[in-house]
Amino acid sequence: MNLTAVNQTDMCEDYSCPERSVSLSVYVILYVAAAAVALLTVCGNLLVIISVSHFKQLHTPANILILSLAASDFLTGVFVIPLHLSLVIESCWTSRSVMCLVFKVVNFQATSVSVHTVSLIAVDRFLALSFPFFYSEKISLTVVCTATLLNWLFSFIYNFTLLYVNGNFTDVVCPAVCFAITDGISSIIDLLIVFVMPCILIIILYTHVFVIAKKHATAIRALQVHNSTESSKNKISDKSERKAAMLLGILVFVFLLCLLPYYITALAIPYNSENTLQIRDVAVIFFFLNSTINPIIYALFYSWFQKSIKLIFTFKVFHKDSSLMNVM
């Protein structure tokens, strides 16, 4: 450890940030664009957090998972996106070493929580459609909140341990450099826990979800529902569950679409390859953009989010008993 630290310190004596290769106006445009992406991510996810937290009608198991996903995306917008885009634009770490540690921890934490939360969303939709009676009786807010808290706690312990074991908190690094160091075994373990196993679970469960939703739709079209209140309620309930599954399916599809390029480049491109560094940076940015896209998906497809935004921007959320308003 000490020998490595000494060697890294000696290397840092000759290391300096590269000179800017483009004009000042280009840098200003890049920083404005980066600030816009970060601001959109923060504001969009903050609206989701306020909506689900404030309106009691939105306190459902599925929405609690959406709240967890929005919280991790919010952290990404506050810490990860601005710092990473600054690193890409400058080709150099310009913040302090403490911020580098924060960047590493929050980056790993937000990524892990996001992936595992999307996995929990897939489990939630699978249970809701496959076992509706079991879901309505057993899957309560308490159960989902407990699962969500355990997800955040597990992710923090796991990522802190991963970073600590690989010397990210103790090794000396150059002031102008900020990247997480992981050995071969740790990288494989992290790949399995944060990417392979969750993605396999998501794909398998959502394949079942869409098959079940299609069967339900076919069965409902085949049945001639007569004027019955009970049948009408069941029809509305089934339609609502299928719609929720389809909308969350879009969310999961976009998530995987943003996730795959990052891990493909991480596996195919070695970290010491400077020639393909820009490709890896683009893949990372594409992955972070998922945090920006999620609130846009909510705004386009979720009527409750559209109504919540109107109530927030018109300051009606400050009215007495506003949490009891109908937003569905």
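Note that this is a predicted model, so its numbers are computed, not measured.

## Quick word on the overall build of the protein
Looking only at helices and strands, the protein features 10 helices and 0 strands. Helices and strands appear in the protein in the N-to-C order α-α-α-α-α-α-α-α-α-α. Relative to all contacts within the protein whose residues are 6 or more apart in sequence, the contacts with residues 24 or more apart total 79%. Counting every atom, the protein has about 18400 Å² of accessible surface; 70% of that belongs to carbon and sulfur.

## Quick look at the side chain of T292
Tracing the chain through its elements places T292 in helix α9 (residues 277-301). Only 2.4 Å separates the side chain of T292 from the side chain of T41, close enough to count as a polar contact. Setting aside its immediate chain neighbours within four residues, T292 contacts V37, L40, T41 and I81.

## Notes on the UniProt feature "transmembrane region" (unreviewed entry) in the protein
Within this structure's numbering, the places UniProt gives as "transmembrane region" (unreviewed entry) are residues 28-52, 64-85, 105-127, 139-158, 191-213, 244-264 and 284-305. Secondary structure over residues 28-52 splits into 100% helix and 0% strand, and the C-alpha atoms at its two ends are 36 Å apart. Taken end to end, residues 139-158 comprises 90% helix and 0% strand; its first and last C-alpha atoms sit 26 Å apart.

## Details of helix α10 (residues 303-313)
Listed in full, the buried residues belonging to α10 are W304, F305, S308, I309, L311 and I312. Relative to the axis of α10, the buried residues are bounded by an arc of 165 degrees and lie together on one face. Facing away from the buried side of α10 by more than 90 degrees, the exposed set consists of K310 and F313. Within two residues after α10, F315 carries a phi angle of roughly 65 degrees, on the positive side.

## Focus: the packing of aromatic side chains
In this description, a pair of aromatic rings is defined by centroid distance and the angle of the planes. As enumerated under the stated definition, the model contains 8 aromatic pairs in all. Seen from their ring centres, F154 and Y158 are 5.9 Å apart, and the 10 degrees between their planes marks the pair as stacked. Of this pair, F154 and Y158 both sit in helix α6 (residues 141-165), 4 residues apart, which is roughly one turn of the helix. Residue classification places F154 among the partly exposed residues on the basis of a relative accessible area of 41%. Taken together through their ring pairs, the aromatic side chains of F156, F160 and Y164 make up a single cluster.

## Considerations on the pattern of salt bridges
Between side chains of opposite charge, pairing is possible as soon as their charged atoms come close. On inspection of all chains with the given rule, the structure shows 1 salt bridge. Among the ionic pairs, D124 bridges to R125, the shortest N-O distance being 2.8 Å. For the residue pair D124 and R125, the accessibility class agrees, reading buried in each case.

## Focus: the packing of helix α2 (residues 24-54) against α10
Two numbers describe how α2 lies on α10: the axes approach to 10 Å, and their chain directions differ by 95 degrees. Here α10 runs roughly perpendicular to α2, going by the angle between their axes. Side by side, α2 and α10 meet where G44, L47, V48, I50, S51 and V52 of the first sit next to W304, F305, S308, I309, I312 and F313 of the second.

## Things to note about a nonpolar patch on the surface
On the surface, L150, L153, F156, I157, F160, Y164 and V165 cluster together into a nonpolar patch covering about 710 Å² of accessible area. Position of L153 among the secondary structure elements: in helix α6.

## Comments concerning unusual backbone geometry
At F315, a position not held by glycine, the phi torsion is positive, near 65 degrees. Along the chain, the position of F315 falls in the segment after α10. A positive phi is found at D321, a non-glycine position, where the angle reads about 60 degrees.

Cut-off values and rules
- Residues numbered from 1 in each chain as written.
- Predicted model: local features only at pLDDT ≥ 70, side-chain atom pairs only at ≥ 80, totals over all residues.
- Heavy atoms only, no water.
- Helix = DSSP H or I, 4+ residues; strand = E, 2+ residues; numbered from the N terminus.
- Contact = heavy atoms within 4.5 Å.
- Areas by Shrake-Rupley, 256 points an atom, 1.4 Å probe, with all protein chains shown as cover.
- Polar contact = N/O pair within 3.5 Å; in protein donor to acceptor, adjacent residues only side chain to side chain.
- UniProt positions renumbered as here; feature names shortened; annotations may be inferred.
- Buried < 20%, exposed > 50% of the residue type's maximum accessible area, 1.4 Å probe, protein only.
- Arc of directions from axis to C-beta.
- Phe/Tyr/Trp six-rings, centres within 6.5 Å; stacked < 30°, edge-to-face > 60°.
- Salt bridge = Lys/Arg side-chain N within 4 Å of Asp/Glu carboxyl O.
- Axes fitted to C-alpha atoms, helices over the stretch in contact; angles between N-to-C directions.
- Parallel < 35°, antiparallel > 145°, perpendicular 65-115°, else oblique.
- Patch = residues over 30% accessible without salt bridge, like charges linked within 9 Å, V, L, I, M, F, W, Y side chains within 5 Å.

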